[in-house]
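# Close look at the chain arrangement
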Amino acid sequence: METIRSPPMGEGMSQVKGKTTPAKKIPYWLWVMIAKSLGIKLHDKDKPIVSAILHILTFGSALGLFVTNAWYSGYNIISVHTQNDILDGTVSIMVMSFFCGLGVYSHRLAYRLFVHPKFLDMLRLHSKTVFKINSAVVIFIVLLCFVVVLNISTYQYTYSYSLTYNVSGSSGSGEPFDRNSNYSNVNPCQRVDVSVQVCQVYYMCQMLFSVFFLVWNVLVAVVLVSVARTQTISIRRFLKELEIDARLLDRQIGKAYTKQDNPNLNQYVWKDDDSIVDYFSDRSPEGGEGRDVTERRVSGASF
């Protein structure tokens, strides 16, 4: 039996572009850090103490952030010293609830992704870049910018009680909100007649929760991007194997046809099946005109 050799790499031009070799797996020390933080047991006797503390801090900071934001928003709606109405307060509470829910959900999702054997096997250190920067670094920079901007924009929540500001107005007559006044150096809770400790706790919870929000979402994003990249490489490798098989079959079938005395070359020529031409070709007196029509049709189709 004839042995069919696979064609060399230089033979033919492959239609599959891009990387087809798998990347390295994540190092063991990084896997240990992720497993300890998410509560994944590496041994049967392991106790998830670190992950339990991180879970309590994540959920506790999210709960504190939601409660203090709802507290402040409620007083902000009914206060005459601010311009926010019930629609603004409702939107603020909804956005904060989505923010807290996304952070807590990303924590649980990161655990489910890293504990799944299929996702863990496809997790690789890929070198996929966006604007010449690693995709994982790009995701981290985007989320980091979001967290930094969020905390900087609410920095006035950390201000202490101002003795120079009177909540009932500068003249003490209960004046409403003035658009021309500058309240940038006043704690927002003081303006709505709430203890400034509420806003200070709000900012502390936001700072703590934003750190966990950044970490858990980066883990989830890195896993999803890495798995998608691994699947793309696997599909490319499969397509290249199909190309090699097609070349081998084409070579084998070509050798089988060249060994015949009268090979049927019509199988390699595309032509339209015209039953009318075949009908007149079979019924011509000598078949001359029909053969000419058939030959013209075959020659024209071959071009």
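Higher on the page you've got the structure.
The structure reproduced in this document is the subject of the present report. (Residues numbered from 1 in each chain as written. Predicted model: local features only at pLDDT ≥ 70, side-chain atom pairs only at ≥ 80, totals over all residues. Heavy atoms only, no water.)

## Some remarks on the overall build of the protein chain
Scanning the protein chain from terminus to terminus reveals nine helices and two strands. When its helices and strands are written in sequence order, the protein chain yields α-α-α-α-β-β-α-α-α-α-α. Split into buried and exposed, the 303 residues of the protein chain put 31% on the buried side. In the protein chain, 76% of the contacts between residues at least 6 apart in sequence involve partners at least 24 apart. (Helix = DSSP H or I, 4+ residues; strand = E, 2+ residues; numbered from the N terminus. Buried < 20%, exposed > 50% of the residue type's maximum accessible area, 1.4 Å probe, protein only. Contact = heavy atoms within 4.5 Å.)

## So, unusual backbone geometry
Look at Asp-193: it is not a glycine, yet its phi comes out positive at around 65°. Among the residues examined, Asp-193 registers a relative accessible area of 59% and is labelled exposed.

## Describing the packing of helix α1 (residues 28-38) against helix α2 (residues 49-78)
At a minimum axis distance of 6 Å, the contact between α1 and α2 shows a crossing angle of 60°. By the angle between their directions, the pair α1 and α2 is classed as oblique. Along the contact surface, α1 presents Lys-36, Ser-37 and Leu-38, while α2 presents Val-50, Ser-51 and Leu-54. In terms of residue class, the contact of α1 with α2 is made up of three nonpolar, two polar and one charged. (Axes fitted to C-alpha atoms, helices over the stretch in contact; angles between N-to-C directions. Parallel < 35°, antiparallel > 145°, perpendicular 65-115°, else oblique. Nonpolar A, V, L, I, M, F, W, Y, C, P; charged D, E, K, R; others polar.)

## Considerations on α2
With 30 residues, α2 ought to run about 44 Å at 1.5 Å a step, and its terminal C-alpha atoms sit 44 Å apart, in line with that. Every buried residue of α2 is listed here: Ser-51, Leu-54, Thr-58, Ser-61, Ala-62, Gly-64, Leu-65, Thr-68, Asn-69, Tyr-72, Ser-73 and Asn-76. (Expected span 1.5 Å × (residues − 1).)

## Topic: the environment of Ala-70
For Ala-70, the location among the structural elements is in helix α2. Residues Ala-70 and Ile-93 lie 23 residues apart in sequence; the distance between their C-alpha atoms is 6.0 Å.

## What to know about the side chain of Arg-191
Within the fold, Arg-191 resides in helix α6 (residues 188-191). Here the side chain of Arg-191 touches His-81 through a polar contact of 3.3 Å, landing on its backbone oxygen. (Polar contact = N/O pair within 3.5 Å; in protein donor to acceptor, adjacent residues only side chain to side chain.)

## Looking at the environment of Val-91
As for its position among the elements, Val-91 is in helix α3 (residues 86-115). Of the residues examined, Val-91 reaches a relative accessible area of 42% and is grouped as partly exposed. Distance in space between the C-alpha atoms of Val-91 and Ser-73 is 9.7 Å, their sequence separation being 18 residues.

## Notes on the packing of aromatic side chains
Under the criterion given, the structure shown has 11 aromatic pairs. Between Tyr-72 and Tyr-157, the aromatic rings sit 5.8 Å apart at their centres with planes inclined by 70°, giving edge-to-face as the arrangement. With Tyr-72 in helix α2 and Tyr-157 in the loop between α5 (135-153) and α6, this residue pair connects regions lying 85 residues apart in the sequence. This pair shows no difference in class: Tyr-72 is buried, exactly as Tyr-157 is. (Phe/Tyr/Trp six-rings, centres within 6.5 Å; stacked < 30°, edge-to-face > 60°.)

## Re the state of the cysteines
Using the criterion set out here, one finds one disulfide in the structure. Each sulfur in the disulfide pair Cys-189 and Cys-199 lies 1.8 Å from the other. With the S-S dihedral at roughly 90°, the linkage between Cys-189 and Cys-199 falls on the right-handed side. Highlighted residues: Cys-189 in helix α6 and Cys-199 in helix α7 (residues 196-258), separated in sequence by 10 residues. Residue Cys-189 shares its accessibility class with Cys-199, and that shared class is buried. Here Cys-100 is not cross-linked by a disulfide; its sulfur's nearest cysteine counterpart is in Cys-205, at 9.2 Å. (Disulfide = S-S within 2.5 Å.)

## Side note on the packing of α1 against α3
For any two helices packed against each other, one specifies the crossing angle of their axes together with the interaxial distance. Between α1 and α3, the shortest axis-to-axis distance is 10 Å and the interhelical angle comes to 130°. Overall, the two elements α1 and α3 adopt an arrangement that is oblique. Pair α1 / α3 crosses with left-handed handedness. Contact with α1, carried on its side by Trp-31, Ile-34 and Leu-38, involves His-107, Ala-110, Tyr-111 and Phe-114 of α3 and no other residues of that element. Residue composition of the contact of α1 with α3, grouped by class: six nonpolar, one polar and no charged. (Left-handed = near helix turned anticlockwise from the far one by under 90°.)

## Some details on the nonpolar core
Counting residues in each nonpolar core, the largest one holds 18 residues, and the members touching the most others are Trp-31, Leu-38, Ile-40, Phe-114, Trp-216, Leu-219 and Val-223. Element by element, the count of residues in this core is highest for α7, at six residues. The next biggest cluster of nonpolar side chains, apart from the first, holds 17 residues, and it includes Leu-65, Cys-199, Tyr-202 and Tyr-203. (Core = buried A, V, L, I, M, F, W, Y, C linked by side-chain atoms within 4.5 Å.)

All quantities given are derived from atomic positions and should not be read as evidence of function.
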